[in-house]
Structure formats: structure tokens, C-alpha cells
Amino acid sequence: MLHLDPVLSVIGTNSTYEVVYDSVRLHSKHSVSESFGTFVAFEALERSHLICFALALVAVSSFIVPHYQIKAPTAGCWSLFEPTCLLRLRFIINSRDIISDGYQRFKNSAFVVKRLDSDLLVLSNKYLEELRLLPITKLSNAHAQVKNMLGKYTYSTFLLESNQHVRVLQNHLIPNLKTFLSRADEELDYSFETDVPRPHDWTEVDIQKILQIMVARVSSAVFIGNPACRNEYWLKLCLEFPINLFATTFIMRLFPPFLHPVISWILPPRYWLRQNLKLGKQLVTSMISDYRKQSALKSEGEVKEKSNLLEWMIENSSGNEADPETLGPRLMFLSLASIHSTSSAASAALFDLCAHPEYVEPLRQEILEVTGGSKNYCKEDLSRLWKLDSFLKESQRFNPPILLSPQRVALTDLTLSDGTIIPRNTSIAFPSAALLMDPLLVPSPETFDGFRSYRKRLQPGESTKHLMVSIDKNHLYFGHGKQACPGRFFAANEIKMIMIRFLMEFDLRLCDGKERPKSFTVDEMCFADPRAKMQIRKRRDI
Ligand code: HEM
């Protein structure tokens, strides 16, 4: 177990620590929504100037972005005469329509979408099976992530050197899922006491913010253990780091690559990102040192409690994997992969519940039947919540975090079985969100049918299929193949535990006169409206 006070004393006095944090806080405006505000603070500039400036940059960069010899039609062009730079610019806010155009016309072959920083070859899902068999040395998702994040400028190229953050999930989290879910549940108890108000009357709450901190707490309990997970500085870092990284990447993509070295030095979010990483490294250094001290004190033969992910990473490292220089950022990237994705999925599900209140009673009934109304239900029972699983899967269908998943980079020239050639360095992607709304695959796709998968599972021989975590060529929410999301089993159960608490302890509804909040896209990424709130009250009927 890690203790916070020694942790702080190792890195120096609290005040030293706070100075470092304060410099981050000062610049990053402290809170998540405010940091998001920084990202859109460009609105403060005269809008017309900004548009002219952006158009000029896009025009320049569209001549400079890499053009691969991809033999595939381009999606979303207004006309033959539309300048490529305009198409690239439109992709920022219009990606859904552009991808949908490509999907309608070329869903059985391939098409290209033009993003500001590069072209993406969007392939039919019929190729997934053969691509799945290719080794990571030929087709890599880590390279796609690093390329998307402009790794050189966001300090993320170390992800190409080792996949320790994936190994720890595959070799430690998944085999010990039940233990870690119990830990997660303990931290949820704390979060519900600390972060969630329990009003007797309807009260508006910022549910997205609540869920972000809740999931940050739970992930941290599993990643670094208790009490380190209660460290407010660490929690804030986990929430701010992804936003600063996203803002850095997004703004830099607006500029042609030859300007990146200059821009990167003057870009405020990149400075905050650097501060985040600096602080993250300091904290992790202390955690490592604390862990080593405690391990040395343990008498031989003493049975060690099952460790958190950090301890596993220290014990199972090779090369420089256990150095704080890489372990700190790696833990922060693990938080990046887990926190916003999970909290967004949970808040989308709660908004869907408010928009479709007819599901509340059947879901409560199922929870009562499975858990017997006890808070200490066995975590294996979560798999018996078929209706809840189905509801969450339907919510995923309407609220994917990304329109194009999975994404890979070809590390060698590839020739597919039908002769399609994918040149080396091509970024490829699959139209995951369009597949989920295809009427040939999903009857009445525009209708939210929360028990769609539940009914399918009731059919003979189908009970283990159609799960929230199931992956097949039409369901790419968690990616595909060997490189699919290794955190999905944990995420699905965590979301179910959160839903159980909200369903059983609260009434929920949309704010007066408001519709279910819409999501918006930036490039192929999807976001919920950060201003969206809901109303909750403590349940009166129990
Ligand atoms: C609802 C929540 C989540 C969603 C929607 C999600 C989605 C995804 C997707 C689409 C990928 C890319 C897969 C591919 O390329 O085939 C991915 C990768 C990854 N996810 Fe998740 N994820 C979620 C939760 C989590 C959690 C809780 C963790 C950690 C505990 C996690 C850790 C990772 C990691 C480490 C990778 C990179 C895998 C690799 O590089 O091979 N994710 N996730």
C-alpha cells in the first residue's frame, strides 16, 4: 500500500509541491470545464480574423500534408472544384456527414477522408478479418495513436518503445478483475459520499463533471492504490492532462508541419502539458520510492496483498520501463485511455435513461432480482444483468466516442487478398459509427431500443453474444482484433456499478424544458455538450 504523506515528503515539502501544481493550475485554469474553456477561448478572438487565419493556414498545410498513393475515391466533396483545403477544414466540424457520404457510396470497398494533418484510408469492414491476422510489426495501433497525438510534440513517442500499459491490463487487471472491481466499488462508495449530492428535491447537477471525478477516483484506486488515489493533485492531473493533450494536438494540426517546431514552443496548452508531465513524474517517483521502502520492510515469506497496477508495473519491467521518466507518463496515458472514455459512456447512458424513462422500472427490477437489493452483491453477478448490458450497448450505439475505429498505420506495404494495395505509412481506419446506424445491419437504427440485444440473447444459442463488450466486424466500439481495448471488461463493469447506484438510489430527469443534450464532433472524435446538466433527487419510494 502506498501512503500519501511519505509520498509528499520524498518529493519535498507540500509547498514545493503546491508551487509546481500552482504553476500548472494558474495556467491551466484549474478545472476541467475551464480547461476545456481555454481550448475554445479562441472564440474570444475576432471571429472573422480567426477564420481568415485558419483558411490561410489550411491552404498552406493542404499542400504539405502527406499524400499517399492511395487508389480510392475521396468522400464528402461538394463538387469536383472544391479546394482540398476547404474539404479538410470542413472535416473538423462536418466529419459525420463526410464519413457517411463515403460509407453510403463505398462501404464495400474503400474511401479516403481528408483530415487537416493527413489522409485516412477508410476500409470496408470486410477486410477486418484478414487484417486482424497481421502482426503489430506490420499494422500498428500504437503508431496510429502517436501519429494522431502528434507524438513528437506531445511527449508520447515512448508509447512506441514498450507496451507495458497494455501488458499490465492483459496480465494483471483482467485475470484479477473480480478483486479490482471490489476495490473499484469501495472507491465508488467514497465518491458517492463525497461527490454526489443527495437532495430531497429536484436539483440540477453537472453530471459529467461528477462522473469524471468519480471515474478518475476509481481508476486511480486500481492503478495506484489507496490512499494515493485520494491525492487531489493526482486526480486533477488525470483530468487535465487529456484536455491539454487534446488542445495541443488540435491546435497544432491547424498549422503546416514545417511550422510545428516553432508553434510548439509558444503554444500554452503544450506548456501546461509539460507541467502536467513534470508533476506526474514527481508523484510517480515518490510512489515508486515509497513502494520500494515498504517492500524492503516486509519480512520474507510475508504474504503480500494483491498489488495495484503500478506495483505490477514496477515488478514486471524490463529496460527503462520502471524509470519514473517513462512510468509517470505511462500511467498518465493509461488514465487518458480510461477516464474520459468511461465517464463519457456513463454520462451518455444516464442522459439516455432520462430521455427514455420507461426503462427505469424494468432495470431497477432486474437489479433487485440479481443483487437482492444488497450493496455487497458478488461482482460476478454483474454479468447476469442482461437488460442493463443491453441498455448500455444501445447507448454506445448512439454515443460512440469516435466515428472511425479502429485505426492503424501500415508499417510496411500491404497487399490485401483482393489486390487492394496499402502503401507503407498509410493511416487506415474503419467506419465504426456508420456501421452502427446502417439499416441493413440494425433494423430501425434511429430508434433507441434499449432491449435490442437483450431480446437477441434470449434466442437459442445466442446468450453469450451481443454483449456490451462483444467485438465483431459490425461492432467496433472497442476496436478490433488483438489490439482491441484491453480495458473494456473493467470499463463495462465499472459503468454497470455506477448505473446500479444511480438507478437504485436516485431519481433522474432532464432539466426543465430541455431535450436530451446533443453531442458534437471535432474531426472524427465525438464529445457530449460540456454544458449539459441533469436533475437528480434522492429516491422517495424506498
Ligand atoms: C467506455 C470506455 C472505453 C472505450 C469506449 C474504449 C475504447 C477504446 C478503443 C476504441 C481502443 C482502440 C482499440 C483498437 O485500436 O482496436 C482502445 C484502446 C485502449 N484502451 Fe480503451 N476504452 C475504454 C475504456 C478503457 C479503460 C477503462 C482502460 C484501462 C483500464 C482502457 C485502456 C486502453 C488501452 C491501454 C488501449 C490501447 C491498447 C493498445 O495500444 O493495444 N480503455 N480503447
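As annotated in an unreviewed UniProt entry, the chain carries the name Cytochrome P450 and comes from Melanomma pulvis-pyrius CBS 109.77. Listed under Pathway (unreviewed entry) in UniProt, the entry text for the chain is "Mycotoxin biosynthesis." What UniProt records for the chain under Cofactor (unreviewed entry) is the sentence "heme".

Student: How would you sum up the environment of R537? Please name residues and give values.
Tutor: Along the chain, R537 turns up in strand β12 (residues 534-538). The class of R537 is buried, set by a relative accessible area of 16%. If sequence neighbours within four positions are ignored, R537 has contacts with P199, H200, D201, W202, E505, F506 and D507.

Student: Give me the lowdown on empty space enclosed by the protein, citing residues and values where you can.
Tutor: Enumeration according to the criterion identifies 3 cavities of 30 Å³ or more in this entry. In this structure, the largest cavity encloses a volume near 130 Å³. Every residue along the wall of the largest cavity is listed here: L128, L131, R132, L134, L139, P406, R408, F430, H480, G481, K482 and Q483. In terms of residue count, the dominant contributor to the lining of the largest cavity is helix α6 (residues 128-132) (3 residues). Classifying every residue of the lining of the largest cavity by side-chain character gives 6 nonpolar, 3 polar and 3 charged. By volume, the second largest cavity amounts to about 50 Å³. Looking at the second largest cavity, the residues that line it are A345, A348, A349, L392, S395, Q396, N399, M468, Y477 and I495. Residues of the lining of the second largest cavity, tallied by class, amount to 7 nonpolar, 3 polar and no charged.

Student: Could you give an account of the packing of helix α17 (residues 360-371) against helix α21 (residues 488-505), with specific residues and numbers?
Tutor: Interhelical geometry of α17 versus α21 gives an angle of 110° and a closest axis separation of 10 Å. Considered as vectors, α17 and α21 are oriented roughly perpendicular to each other. The hand of the α17/α21 crossing is left-handed. For the pair α17 and α21, contact is made by V360, L363, R364, I367 and L368 and by I500, L503 and M504, respectively. Of the residues belonging to the contact of α17 with α21, the class tally is 7 nonpolar, no polar and 1 charged.

Student: Describe the pattern of salt bridges, with residues and values.
Tutor: According to the stated counting rule, one finds 34 salt bridges in the structure shown. Of the charged contacts, one joins R167 and E321 as a salt bridge, the two residues approaching to 2.9 Å between their closest N and O atoms. Of this pair, R167 sits in helix α9 (residues 164-173) while E321 sits in the loop between α15 (309-315) and α16 (324-355), and the two are 154 residues apart along the sequence. The exposure class of R167 is partly exposed, given its relative accessible area of 21%. Here R537 and D507 are joined by a salt bridge, their closest N and O atoms 3.2 Å apart. Here the residue R537 occupies a position in strand β12, and D507 occupies one in strand β9 (residues 506-510), the gap between them amounting to 30 residues. Across the pair, D507 and R537 agree in class, each one buried. Salt bridges here are not isolated pairs; linked through shared partners, they connect R115, D117, R253, D523 and E524.

About the thresholds
- Residue numbers run consecutively from 1 along every chain, following the written order of its sequence.
- Reporting in this predicted model follows two pLDDT cut-offs: at least 70 for local features of residues, and 80 or more for side-chain atom pairs to be given and counted; totals over whole chains, interfaces and linings ignore these cut-offs and use all residues.
- Only hydrogens and water are removed before side-chain values are computed, so all heavy atoms of the structure are retained for them.
- UniProt positions are given in the numbering used here, feature names are shortened, and annotations may be inferred rather than shown by experiment.
- Only DSSP runs of H or I reaching four residues or more are called helices, and only runs of E reaching two or more are called strands; each is numbered from the N terminus.
- Burial here depends on accessible area, computed with a 1.4 Å probe over protein chains only, as a share of the maximum for the residue type. Under 20% is buried, over 50% is exposed, and the range in between is partly exposed.
- Contacts are assigned to residue pairs with any non-hydrogen atoms lying within 4.5 Å of each other.
- Think of a 1 Å grid over the protein atoms and nothing else: a 1.4 Å probe that fits but is trapped marks a cavity, an open set flanked by protein within 12 Å on at least five of seven lines marks a pocket, and residues with an atom within 4 Å of a point count as lining.
- Grid points are joined across faces, edges and corners, and a volume is the space filled by probe spheres set on the points.
- Residue classes follow a fixed rule: Ala, Val, Leu, Ile, Met, Phe, Trp, Tyr, Cys and Pro count as nonpolar, while Asp, Glu, Lys and Arg count as charged, and any other residue, Gly among them, counts as polar.
- For helices, the axis comes from a line fit to the C-alpha atoms of the stretch in contact; other axes are also lines fit to C-alpha atoms, and the angle between any two N-to-C directions lies between 0 and 180 degrees.
- By definition in this entry, angles of less than 35 degrees are roughly parallel, angles greater than 145 are roughly antiparallel, angles of 65 to 115 are roughly perpendicular, and the rest are oblique.
- Throughout, a crossing is termed right-handed when the near helix is turned clockwise from the far one, and left-handed when it is turned anticlockwise from it by less than a right angle.
- Basic side-chain nitrogens of Lys or Arg form a salt bridge, by our definition, when they fall within 4 Å of a carboxyl oxygen of Asp or Glu.

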